[in-house]
Amino acid sequence: MFIRTALLVLRKDAAIEAKSWEVLTTTVFFAVSAVLVFSFAFVKEGEPLEDAAAGILWIAVAFSGTLALGRTFERERYAETLRALLLAPAPRPALYVGKLLGILAVLGIAELLLTPLVALLFRAALFARPALLAALLVTGTTGFACVGTLFAAMLVRARSRDVLLPILLYPITIPVIIAGVRGTSALLASPPDEATAVMWIGILTAFDVVFVTLSLWTFEPLMTD
Amino acid sequence: MKRMFAPLVVVVALLFVGAPYLIAQAPIESTMGLVQKIFYFHVPSWMAMYTAIAVCGVGSAMFLFRGNKAADAYAVAGAEVAVLFGMMGLVSGPLWGRKAWGVWWVWDPRLTSALLMELIFIAYLLVRKYGGPGSEKLAAATGLFGAATSPFVYKSVDIWRSQHPKTSVVPALLKGSMAGSEIPFMVSAFAFVLFATLLLMLRTTLAKRQAALDALYLEYEE
């Protein structure tokens, strides 16, 4: 029941998205523009600064993630469909998991395009250890998105929600972004520092466990009037 | 609690008057000299902040899961007091760092994460102020997540190599180069935590009265 509900919510979001491609295209476009903006700050006389690639990759993910989060829930608010979802006789945490999976899918696709782009533009050896990089991206994105989904869902009913989402989301998820950046820049060192990267993946996993547990636990009381 | 308030104010006042004498008499630490005296303000203000964060976290959880209105008053008080003492820590820290390390600020895990804690609780206050109706729940979630990250901040210096001393430094110093300063340290720590508790009590009462006033307004309008 739980997994089926979550997958149904995911399928619903995917079906809406497949009609317009709105969230995916805007997210990817915004991520690419963010990378370009940073290139002006971190390129000196045509040469990219060392280590800049790790930071640029993660900041682009965080910024475009915020945009995607705001957009997916704005869509639910517009047609009052969030209320309908909450009225459904289904476990509430399952709705949360479904929404989270949708956001993770969007961010995952954005990262698939973003990572090669950053590697190419900043001459960074991001693909020296693909498995470790993938582990960092998966654990980091999960940590960011699970807090983001919870707060974006709550903010649907708040005033000035567009301002409040980044204000709440960034301080709480900065530890996750720091861990992601540090882990990625350890992989960029020559030779890649695998031990450090594995340590950061461990820390990210710890964050994920804490944040996902807290989110699942608080989603029900938060979405009840 | 209310009856305890006035005597406790007297106790805190006495402690704050007495502490400077005790701090002045405490032995001067051998490597840092006189600068190290800021220790008696810096460490206790973080202790007071963690006390307030714990109050905010527990209050937020009680409000979210039990719907307890009084718990929400404790959560607001906790967040405000946490921001206040965090600010004191963030001011006294760079002052000390300038003399001990030669720079105002270094981007090391403890400093960064302490700044983050401060930002999380400022965000809590912003949500309450600008979130509109129903923002109490939002704020409660922020308080809960903030309190959940605070142990990471506390342990961050032990996990990562850092310029900031480890959490074991206080007991070690009191045994080693600062032997004889246990009592001044205990007094300042106790004074700060007690002061924070009094502020929490005062702010909680205020929050409860605000809530009662709002309820009365609503009743009157109906």
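Note that the structure is a prediction, hence the values are computed from the model and not measured.

Conventions adopted
Residues numbered from 1 in each chain as written. Chains lettered and ligands numbered in written order. Predicted model: local features only at pLDDT ≥ 70, side-chain atom pairs only at ≥ 80, totals over all residues. Heavy atoms only, no water. Helix = DSSP H or I, 4+ residues; strand = E, 2+ residues; numbered from the N terminus. Buried < 20%, exposed > 50% of the residue type's maximum accessible area, 1.4 Å probe, protein only. Contact = heavy atoms within 4.5 Å. Areas by Shrake-Rupley, 256 points an atom, 1.4 Å probe, with all protein chains shown as cover. Lys, Arg positive; Asp, Glu negative; His and termini not counted. Charge placed at Lys NZ, Arg CZ, Asp CG, Glu CD. Phe/Tyr/Trp six-rings, centres within 6.5 Å; stacked < 30°, edge-to-face > 60°. Buried area = accessible area lost by both parts, 1.4 Å probe. Nonpolar A, V, L, I, M, F, W, Y, C, P; charged D, E, K, R; others polar. Salt bridge = Lys/Arg side-chain N within 4 Å of Asp/Glu carboxyl O. Core = buried A, V, L, I, M, F, W, Y, C linked by side-chain atoms within 4.5 Å. Disulfide = S-S within 2.5 Å. Patch = residues over 30% accessible without salt bridge, like charges linked within 9 Å, V, L, I, M, F, W, Y side chains within 5 Å. Axes fitted to C-alpha atoms, helices over the stretch in contact; angles between N-to-C directions. Parallel < 35°, antiparallel > 145°, perpendicular 65-115°, else oblique. Left-handed = near helix turned anticlockwise from the far one by under 90°.

Student: If you had to explain the overall build of chain B to someone new, which residues and values would you point to?
Tutor: Across its full length, chain B carries seven helices and zero strands. Seen in sequence order, chain B has helices and strands lined up from the N terminus as α-α-α-α-α-α-α. Projecting the C-alpha coordinates of chain B onto the three principal axes gives extents of approximately 70 × 40 × 25 Å. Per-residue burial for chain B yields a buried fraction of 46% across its 222 residues. For chain B, contacts bridging at least 24 residues in sequence account for 76% of all contacts bridging at least 6. Accessible surface, chain B as shown: approximately 11,700 Å² in total, 70% of it carbon and sulfur. Side chains of chain B carry 18 positive and 12 negative charges; the gap between the two charge centres is 8 Å.

Student: Mind laying out the packing of aromatic side chains, listing which residues take part and the relevant values?
Tutor: All names here are of chain B. Enumeration over the complete set of coordinates arrives at 17 aromatic pairs over all chains. For the pair Phe 85 and Phe 192, a centre-to-centre distance of 6.1 Å together with 65 degrees between the ring planes defines the contact as edge-to-face. Remark: Phe 192 occurs in helix H7 (residues 182–221) and Phe 85 occurs in helix H3 (residues 69–100); sequence separation between them is 107 residues. Residue Phe 85 is classed as buried on the basis of its relative accessible area, which comes to 0%. When its relative accessible area of 5% is taken as the criterion, Phe 192 is described as buried. Ring centres of Trp 105 and Trp 107 lie 5.6 Å apart, and the angle between their planes is 75 degrees; this geometry places the pair in the edge-to-face category. Residue class for Trp 105 comes out partly exposed when judged on its relative accessible area of 26%.

Student: Would you mind going over the interface of chain B and chain A in detail, with residue names and values included?
Tutor: Contacts between the two partners involve 23 residues from chain B, matched on the other side by 30 residues from chain A. Taken over both partners, the interface formed by chain B and chain A buries close to 2,300 Å², and the fraction arising from carbon and sulfur atoms is 84%. Within the residue set of the side of chain B that touches chain A, elements represented by two or more residues are helix H2 (39–66), helix H4 (109–130) and helix H5 (135–159) of chain B. Looking at the side of chain B that touches chain A, its residues break down into 16 nonpolar, five polar and two charged.

Student: Hey, could you go over the environment of Pro 166 of chain A for me, with residue numbers and the actual values?
Tutor: All names here are of chain A. Relative to the assigned elements, Pro 166 resides in helix H7 (residues 161–188). In this structure Pro 166 comes out as partly exposed when scored by relative accessible area, which is 25%. Spatially, the C-alpha atom of Pro 166 lies 9.7 Å from that of Ala 62, the residues being 104 residues apart in sequence. When neighbours within four sequence positions are excluded, Pro 166 is seen to be in contact with Thr 66 and Pro 171.

Student: Quick one: what's the story with the pattern of salt bridges, residue by residue and with numbers?
Tutor: Residue and element names in this part refer to chain A. Inspection of every chain in the model, using the stated rule, returns 13 salt bridges over all chains. Between Lys 12 and Asp 13 there is a salt bridge, with the nearest N and O atoms lying 2.9 Å from each other. For Asp 13, a relative accessible area of 12% puts it in the buried group. Taking the shortest distance from any N to any O, the salt bridge between Glu 22 and Arg 75 comes out at 3.3 Å. One end of the pair, Glu 22, is in helix H2 (residues 22–42); the other, Arg 75, is in helix H3 (residues 52–78), and 53 residues separate them in sequence. In this structure Glu 22 comes out as partly exposed when scored by relative accessible area, which is 27%. Within the structure, one salt-bridge network assembled from shared partners comprises Lys 12, Asp 13, Glu 76 and Lys 99.

Student: Summarise the nonpolar core; cite the residues concerned and give the values.
Tutor: Of all hydrophobic cores here, the largest spans 104 residues; its most connected members are Val 147, Phe 151 and Phe 211 of chain A together with Phe 121 and Phe 145 of chain B. Here this core takes 14 residues from helix H6 (residues 130–155) of chain A, the largest share from any one element. Phe 211 of chain A has contacts with Gly 143, Cys 146, Val 147, Ile 172 and Val 176 of chain A together with Phe 145 and Thr 149 of chain B, leaving out every residue within four places of it along the chain.

Student: Would you mind going over the state of the cysteines in detail, with residue names and values included?
Tutor: Per the stated rule, a full pass over the model turns up zero disulfides over all chains. Take Cys 146 of chain A: it sits in no disulfide, and the sulfur closest to it among the cysteines is that of Cys 56 of chain B, at 20 Å. On the accessibility criterion, Cys 146 of chain A (0% relative accessible area) is buried. Judged by relative accessible area, which is 0%, Cys 56 of chain B ranks as buried.

Student: Could you give an account of a nonpolar patch on the surface, naming the residues involved and the relevant values?
Tutor: Residues and elements named next belong to chain A. Side chains of Phe 2, Ile 3, Leu 7 and Leu 101 sit close together on the surface and give an oily, nonpolar patch of about 360 Å² of accessible area. It is helix H1 (residues 2–20) that contributes the most residues to the nonpolar patch, three residues altogether. Within the secondary structure, Leu 101 sits in helix H5 (residues 92–121).

Student: A description of the packing of H3 of chain B against H4 of chain B should follow, citing residues and the corresponding values.
Tutor: Residues and elements named next belong to chain B. At their nearest, the axes of H3 and H4 sit 9 Å apart, and the two run at 140 degrees to each other. With respect to H4, the axis of H3 lies oblique. Judged by the sense of rotation from one axis to the other, the crossing of H3 with H4 is left-handed. Between H3 and H4, the contacting residues are Asp 72, Ala 75, Val 76, Ala 79, Glu 80, Ala 82, Val 83, Gly 86, Met 87 and Leu 90 on the first element and Leu 115, Glu 118, Phe 121, Ile 122, Tyr 124, Leu 125 and Arg 128 on the second. In the contact of H3 with H4, the residues fall into twelve nonpolar, one polar and four charged.

Student: Any chance you could break down the environment of Val 10 of chain B for me, citing the residues and the numbers?
Tutor: Residues and elements named next belong to chain B. Inspection of the secondary structure assignment puts Val 10 in helix H1 (residues 2–25). Assessed through its relative accessible area of 49%, Val 10 is described here as partly exposed. Distance from Val 10 to Met 117, taken between C-alpha atoms, is 31 Å for residues 107 residues apart in sequence.

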